[in-house]
Amino acid sequence: MVKAKLLSDSGVDEEKMTTMSSLFNISYFHELPQAEEERLEKLFKSLDKDGNGKIDIHDLSEALKDSGLSRQYAEKFLQQSDQNQSGDVGLAEFIHYVREHEKNLKLQFSHLDTNKDGKVDLDELIAAFKELGVEMDKKEATNLLHRY
């Protein structure tokens, strides 16, 4: 669905798109599971406040404001996800960024979750900070976990 939309929106045939994706290190043109496509499209549309098919600083600032976050997060997101430096993020760039970001988060989480129970507990949190050279007691770790 996303692949077909990206191809039809671009006016470029699939062979050229495959070549372009390899040139720009774009991996999201491969088929995604339908549920994943739908999840990412829904998220993209919720951030595209003006409905023009692109997420820009205004769309993102408004969306983040609704969540209580400042414009600086919108600027940082655009800086990191706008691969072609156009000032906005299309669906393809968005999918690429989100998938890469989620992959990195999963890797970081699995590093923290040393007992592999799907949760980061107090001892794992304390150990992670100790690995970074920061001493933390159980009370501090508990306060940190309760904040998030």
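Since the structure is predicted, the reported quantities are computational estimates derived from the model, not experimental observations.

Draft legend 1. Broad picture of the packing of aromatic side chains. The tally for this structure, following the rule as stated, stands at 3 aromatic pairs. Here the aromatic rings of F77 and Y97 are separated by 5.0 Å at their centres, their planes lie at 90°, and the arrangement is edge-to-face. You can see F77 sitting in helix α5 (residues 71-81) and its partner Y97 sitting in helix α6 (residues 91-112), a full 20 residues away along the chain. For the pair formed by F77 and Y97, the shared burial category is buried.

Draft legend 2. Quick look at helix α4 (residues 57-66). Looking at α4, one finds that the buried residues are I57, D59, L60, S61, A63 and L64. Where the residues of α4 are buried, they touch α3 (34-47), β1 (54-56) and α5. The N-terminus of α4 is capped by D56, whose side-chain oxygen sits 3.0 Å from the backbone nitrogen of H58. Positioned one or two residues after α4, G68 has a phi angle of 85°, which is positive.

Draft legend 3. Quick look at the packing of α4 against α5. Two elements in contact, α4 and α5, have axes separated by 8 Å at closest approach and are oriented at 135°. Between α4 and α5, the angle is such that the two are oblique. In terms of crossing hand, the pair formed by α4 and α5 is right-handed. Contact residues: I57, L60, S61 and L64 in α4; R71, Y73, A74, E75, F77 and L78 in α5. A per-class count over the contact of α4 with α5 returns 7 nonpolar, 1 polar and 2 charged.

Draft legend 4. Representation of unusual backbone geometry within the structure. Phi is positive for Q85, which is not a glycine, with a value near 55°. As for its placement among the helices and strands, Q85 is situated in the loop between α5 and β2 (88-90). For Q85, a relative accessible area of 63% corresponds to the exposed category. The residue K116 is not glycine, and still its phi comes out positive at about 55°. Summarising the element assignment, K116 is placed in the loop between α6 and α7 (122-131). On the basis of relative accessibility, which here comes to 56%, the residue K116 falls in the exposed class.

Rules behind the numbers
- Residues numbered from 1 in each chain as written.
- Predicted model: local features only at pLDDT ≥ 70, side-chain atom pairs only at ≥ 80, totals over all residues.
- Heavy atoms only, no water.
- Phe/Tyr/Trp six-rings, centres within 6.5 Å; stacked < 30°, edge-to-face > 60°.
- Helix = DSSP H or I, 4+ residues; strand = E, 2+ residues; numbered from the N terminus.
- Buried < 20%, exposed > 50% of the residue type's maximum accessible area, 1.4 Å probe, protein only.
- Contact = heavy atoms within 4.5 Å.
- Polar contact = N/O pair within 3.5 Å; in protein donor to acceptor, adjacent residues only side chain to side chain.
- Axes fitted to C-alpha atoms, helices over the stretch in contact; angles between N-to-C directions.
- Parallel < 35°, antiparallel > 145°, perpendicular 65-115°, else oblique.
- Left-handed = near helix turned anticlockwise from the far one by under 90°.
- Nonpolar A, V, L, I, M, F, W, Y, C, P; charged D, E, K, R; others polar.

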